[in-house]
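# An overview of the molecular structure
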Amino acid sequence: MTNDFNTLVAATQATLTRIASDFSPAVFASSLATEDMVLADMILRAKLPITIFSLETGRLHKETLGMLDRIKETYDYEVKLFKPEQSAVDAYVQQNGLNAFYDSVDMRKECCRIRKVEPLKRALAGNKAWVTGQRRAQSTTRAELAVQEDDAAHGMTKFNPLADWSEEDVWHYIRTNHVPYNPLHDRGYPSIGCEPCTRAIQPGEDVRAGRWWWENPESKECGLHVVDGKLVRIKSVAQ
Ligand code: SF4
């Protein structure tokens with residue numbers, strides 16, 4: 001765990017408060033994972049005017065969907081859901097099959113584009129900033145992650161307030177603050193995406209080894225942080 005955990009928490013709370021005051025309207029893209037629950041807890045306890053939304057891809061685990069009820073019970077808050085265009089889903093399934101994402105990286109990215117990237121664009125439209133629960137230590141594709149970035153692809157500022165947090169920091173916050181979390185995390189799923197694209201990992205495996213496990217580590221992003229098939233080199237700005 002980070003030496004001065006309380007300082008880390010205070011800095012993250014200050015970042016969220018600054019987003020709410022200086023970047024309104026702002027939204028938080030929650031995948032309902034532990035990192036996202038830390039941020040949701042901070043936002044909802046402080047009653048910050050940051051709208052929390054989730055991408056309901058149509059392929060999520062029932063445990064993940066159950067987190068929507070847990071948030072409602074705990075914080076009396078309804079997470080806003082964005083779903084894919086049904087006509088695009090139907091066309092993909094008809095042409096390629098329901099699980100064509102196993103066939104190639106291109107097929108997988110096209111499914112993610114339809115079910116995640118396009119709904120994300122709709123969710124972000126009209127906002128000045130968006131917030132994610134990404135951490136630098138999560139994978140090779142996130143090694144250069146900054147707390148505040150200029151997201152030219154979406155024409156807004158992107159915040160990753162947990163960029164400096166370790167996995168231990170996240171769990172320490174969850175446990176000490178009794179924050180609800182996805183029960184899949186206790187069954188070997190440190191990183192959770194859509195059901196057919198996520199598996200449990202073995203002790204010692206990389207935390208994202210269970211995501212698109214049939215692909216190389218370099219291609220393992222869903223496209224939410226990617227433009228034209230490439231990872232966006234987002235310019236870091238003063239925090
Ligand atoms: S994670 Fe899998 S099921 Fe979900 S949108 Fe991407 S390819 Fe499709």
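As recorded by an unreviewed UniProt entry, the protein carries the name Adenosine 5'-phosphosulfate reductase and is attributed to Noviherbaspirillum autotrophicum. The record held by UniProt for the protein lists under Subcellular location (unreviewed entry) the comment "Cytoplasm". Within the UniProt record for the protein, the comment given under Function (unreviewed entry) is "Catalyzes the formation of sulfite from adenosine 5'-phosphosulfate (APS) using thioredoxin as an electron donor."

### Here we look at unusual backbone geometry
Residue Pro 25 is reached from Ser 24 by a cis peptide bond, and omega for that bond is 0°. By the secondary structure assignment, Pro 25 is in the loop between helix H1 (5-22) and strand E1 (26-29). Despite not being glycine, Lys 47 has its phi angle at roughly 55°, a positive value. Mapping Lys 47 onto the fold places it in the loop between helix H2 (34-45) and strand E2 (50-55). The class for Lys 47 is exposed, based on 10 C-beta atoms found within 10 Å. A positive phi angle, near 55°, is found at Asp 76, a position not held by glycine.

What counts and what doesn't
- Sequence order as written defines the numbering, with residues in each chain counted from 1.
- Selection of residues for local features in this predicted model requires a pLDDT of at least 70, selection of side-chain atom pairs for listing and counting requires 80 or more, and totals for whole chains, interfaces and linings are taken over all residues.
- UniProt positions are given in the numbering used here, feature names are shortened, and annotations may be inferred rather than shown by experiment.
- By the criteria applied, helices consist of DSSP H or I runs no shorter than four residues and strands consist of E runs no shorter than two, each listed in order from the N terminus.
- Working definition of burial: number of other C-beta atoms within 10 Å of the residue's own, with buried at 20 or more, exposed at 12 or fewer, and partly exposed in between, all C-beta atoms being placed from the backbone.

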